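Results of the structural survey
This is what each chain is made of:
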Amino acid sequence: RQAAFRTDLSVLLDQVGGGKESLSFMKRRIRRLAPQWATAANRLGAKLGQRWRDQKKILIHVGFLTEESGDVFSPKVLKGGPLGEMVQWADILTALHVLGHNLKISMSVKELQGFLGVPPGRGSCPLTGPLPFDLIYTDYHGLQQMKQHMGLSLKKHKCHIRVIDTFGTEPAYNHEEYATLHGYRTNWGYWNLNARQYMTMFPHTPDNSFMGFVSEELNETEKRSIQQNKVNNMAVVYGKEASMWKQGKDSFLEILHKYMEVHGTVYYETQRPPEVPAFVKNHGLLPQHELQQLLRKAKLFIGFGFPYEGPAPLEAIANGCIFLQPKFQPPHSSLNHEFFRGKPTSREVFSQHPYAEEYIGRPYVMTVDYNNSLEFDSAVKEIMRTKVEPYLPYEYTCEGMLERVHAYIQNQDFCVPEPPFIPANFSRLGSASGSRVIRPLFVPLPNSTALGWASNVTAPAAWPPLSSLRLLVSQEGQSCVEACQSAGFICEPAHFRFVNNKEALLEVQCEVVDSEINHILPAFSVMRRECSLQREPLLFSCAGHSPKYRRLCPCRDFLRGQVALCRDCL
Ligand code: UDP
């Protein structure tokens, strides 16, 4: 069946149900943003024209909100606990509904069992028949519950699963045997999925897919009125929980207070939290729309280093604030910071909000060393002088999210085994089933070798399409994430299978070519003139790096403001 855009959200609101504070938060958000989603649906509809879109049967099982996982979030919704996940799930539900798919929503193990048609009760009763869904969106908690209640059949059906995973999962942590043997085992990873089945909150781990969420968009009248009503010396602090204000914040808060009136939205029960200095005007935790109103007046939104990578800075920038945040030197990661410990990633985080720093940047975002009071002082002064317009990257608008999720749903298929890449010399040119000739481009990278193929090659239709592929060789010790980025591209894990062959390594002139199971491959060692190909496709990894190896990197182009998609991706 063909999917038709929906602009009426009442059916979705009924499906979400009620009772818990977390669900009420999500429903308030869905209602508040409904007009924006409707406009976005109409726009994307016009953009896509008459294109066929398959209507999918989709199960959404929100594991972290189930009683069975302890549901630690719901009681914290009104107390300053993490809301980012709730924001994202509300937006995922809305996007899938608006795109016109057929949804079933589960927030308990009982509902999960009902939808899957497995007998209720404990223990692992495998699902015997076919899976009644094309796609299942869940999270790590939900995955665990499905394992418990679907038993062995989970393995058979896992290509249909998408895991919403805020901070991302790198391939080395996802491959059970490899993770166990090489010290990448954590509480979360080792599901042996294709790493692109994990979907993140920000586009920080190109090995995963970028799901995202949305932020409020303003029309021209609102933008103008915001600019007229900005209070140049008003700052709002990013941190709704008192613990985020603990320790060592006094010195730069004092500096800030020299120039600006400082506002906070810190949760409190009866008394002012002692961590919050007396000069701070604390509003208490605000409902989302009231926070937006506060941000519309403020000039500066200031981060204290925690929480990492949340939605609030995007909302602040969308409401015309400048976001000031601390630089992390050395960077935070699962190796040195409690928060990231045990998360299935080695990603290094160089500031509180790397997306804001790298994708938005000045004048909207200033990333400074908070220990350097001179640098901090001059940043605050600069912010007071600087005029900015409200800004929201396209990928965080409703239309941008719909476009991206549409593209994933119609094009990503992890159930059909990906055929190995065959260089032209060994294959029939222009053979059946949509094969086509491609010619990857040479891309020169400073201090690194650019490669291309000597001959044309054929490959079955791929997504992202092969026209987007740019082949690069990293420097020693550099990951493909960095190598692609420094050439203005993004690493594309789906393209690894096209560069994991002798042809691609032709120009490197290796004396030996072997194949191994290692997440930095394909790569070559300069010293030993040795090239190694990857033997385990699940370990193709943009993130991997090793001091003695130069990696072969499949990069691709991307759309400005929509990094998940390439020029020919739609
Ligand atoms: N938020 C809110 N009231 C407040 C402060 C924040 O509703 O007083 C909302 C905010 O609009 C954002 C969400 O909380 O969408 C998550 O914010 P944050 O960036 O702090 O991420 P978290 O750590 O909660 O995931």
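Remember, predicted model here, so these are calculated numbers, not experimental data.

Conventions adopted
- Residues numbered from 1 in each chain as written.
- Predicted model: local features only at pLDDT ≥ 70, side-chain atom pairs only at ≥ 80, totals over all residues.
- Heavy atoms only, no water.
- Disulfide = S-S within 2.5 Å.
- Helix = DSSP H or I, 4+ residues; strand = E, 2+ residues; numbered from the N terminus.
- Buried < 20%, exposed > 50% of the residue type's maximum accessible area, 1.4 Å probe, protein only.
- 1 Å grid on protein atoms, 1.4 Å probe; cavity = no way out; pocket = protein on both sides within 12 Å on 5 of 7 lines; lining within 4 Å.
- Points joined across faces, edges and corners; volume = space filled by probe spheres on them.
- Nonpolar A, V, L, I, M, F, W, Y, C, P; charged D, E, K, R; others polar.
- Near = heavy atom within 4 Å.
- Polar contact = N/O pair within 3.5 Å; in protein donor to acceptor, adjacent residues only side chain to side chain.
- Areas by Shrake-Rupley, 256 points an atom, 1.4 Å probe, with all protein chains shown as cover.
- Salt bridge = Lys/Arg side-chain N within 4 Å of Asp/Glu carboxyl O.
- Core = buried A, V, L, I, M, F, W, Y, C linked by side-chain atoms within 4.5 Å.
- Contact = heavy atoms within 4.5 Å.
- Pairing = 2+ DSSP bridges.
- Axes fitted to C-alpha atoms, helices over the stretch in contact; angles between N-to-C directions.
- Parallel < 35°, antiparallel > 145°, perpendicular 65-115°, else oblique.
- Left-handed = near helix turned anticlockwise from the far one by under 90°.

Attention now moves to the state of the cysteines. Under the defined criterion, the tally for this structure stands at 6 disulfides. Cys-480 shares a disulfide with Cys-553; S-S distance 2.1 Å. Between Cys-480 and Cys-553, the S-S dihedral sits near -80°, and the bridge is therefore left-handed. Remark: Cys-553 occurs in strand 22 (residues 549-556) and Cys-480 occurs in helix 16 (residues 480-486); sequence separation between them is 73 residues. Covalent S-S linkage joins Cys-566 and Cys-569, the inter-sulfur distance amounting to 2.3 Å. Between Cys-566 and Cys-569, the S-S torsion sits near 100°, and that sign places the bridge as right-handed. You'll find Cys-566 and Cys-569 in the same group, each marked buried. No disulfide involves Cys-321; its sulfur sits 20 Å from the nearest other cysteine sulfur, which is in Cys-398.

It is the rolling of a water-molecule-sized probe over the atoms that shows where space remains empty. Summed over the entire model, instances satisfying the criterion amount to 2 cavities of 30 Å³ or more. In this structure, the largest cavity occupies an estimated 230 Å³ of space. Looking at the largest cavity, it is lined by 22 residues, and the ones nearest its centre are Pro-206, Asn-208, Ser-209, Tyr-408 and Arg-556. Looking at the lining of the largest cavity, the elements that each hand over two or more residues are strand 6 (209-210) and strand 18 (490-491). Considering only residue class, the lining of the largest cavity consists of 13 nonpolar, 6 polar and 3 charged. For the second largest cavity, the calculated volume is near 30 Å³. Lining the second largest cavity we find Phe-167, Ser-333, Ser-334, Phe-340, Thr-345, Arg-347 and Val-349. Class assignment of the residues belonging to the lining of the second largest cavity gives a composition of 3 nonpolar, 3 polar and 1 charged.

Turning our attention to the site of the ligand. Around the ligand, the structure places 16 residues, and the nearest of them are Leu-83, Tyr-238, Lys-240, Leu-286 and Glu-315. At 2.7 Å, a backbone N or O of Leu-83 approaches an oxygen atom of the ligand. Pro-311 places a main-chain nitrogen or oxygen 3.2 Å from an oxygen atom of the ligand. Expressed as a share of its isolated accessible area of 540 Å², the protein-covered part of the ligand is 94%.

With the rule as written, the count across this model stands at 19 salt bridges. For Lys-56, the salt bridge identified is with Asp-54, shortest N-O distance 3.8 Å. Glu-176 is the partner of Arg-185 in a salt bridge, and the nearest nitrogen-oxygen pair spans 3.7 Å. A residue is classified by how much of its surface remains accessible, and Glu-176, at 35% relative accessible area, is partly exposed. Linked by salt bridges that have partners in common, Lys-20, Glu-67 and Asp-71 make up one network.

General note: in soluble globular proteins, nonpolar side chains tend to be found buried as a group. If you look at the biggest cluster of nonpolar residues, it comprises 110 residues, and the most contacted ones within it are Ile-60, Tyr-137, Leu-256, Leu-324 and Phe-376. The element contributing the most residues to this core is helix 2 (residues 21-48), with 11 residues. Look past the residues within four positions of Leu-324 in its chain and what remains in contact with it is Leu-300, Phe-301, Ile-302, Gly-303, Met-366, Val-368, Tyr-370, Phe-376, Ala-379, Val-380 and Ile-383. Ranked by size, the runner-up nonpolar core spans 24 residues in total, among them Cys-484, Ala-504, Phe-540 and Cys-553.

What follows is about the side chain of His-61. Inspection of the secondary structure puts His-61 in strand 1 (residues 57-61). On the basis of relative accessibility, which here comes to 0%, the residue His-61 falls in the buried class.

Okay, the pairing of strand 22 next. Across the 8 residues of strand 22, 8 count as buried, placing the element largely inside the fold. Residues Tyr-549, Arg-551, Cys-553 and Cys-555 point to one face of strand 22 and Arg-550, Leu-552, Pro-554 and Arg-556 to the other, with burial holding for every one of them. As judged from the 5 bridges shared by strand 17 (residues 469-473) and strand 22, these two strands associate in the antiparallel manner. From the neighbouring strand, Val-473 faces strand 22, where its bridge partner is Leu-552. Across 2 bridges, the pairing between strand 18 and strand 22 is antiparallel. In the strand pairing of strand 22, Ile-490 is matched with Arg-556. Bridge analysis of strand 20 (residues 523-525) against strand 22 gives 3 bridges, and the strand direction is antiparallel. Pairing of Ser-525 across the sheet is with Tyr-549, part of strand 22.

For the rest of this paragraph, the subject is the packing of helix 3 (residues 84-98) against helix 15 (residues 398-411). Relative to each other, helix 3 and helix 15 sit at 70°, their axes nearing to 10 Å. Regarding the angle of helix 3 to helix 15, the classification is roughly perpendicular. Considering how the two elements wind past one another, helix 3 and helix 15 form a crossing that is right-handed. Within the contact between the two elements, helix 3 uses Asp-91, Ile-92, Ala-95, Leu-96 and Val-98 and helix 15 uses Met-401, Leu-402, Val-405 and Ile-409. Per-class residue counts for the contact of helix 3 with helix 15 are 8 nonpolar, no polar and 1 charged.

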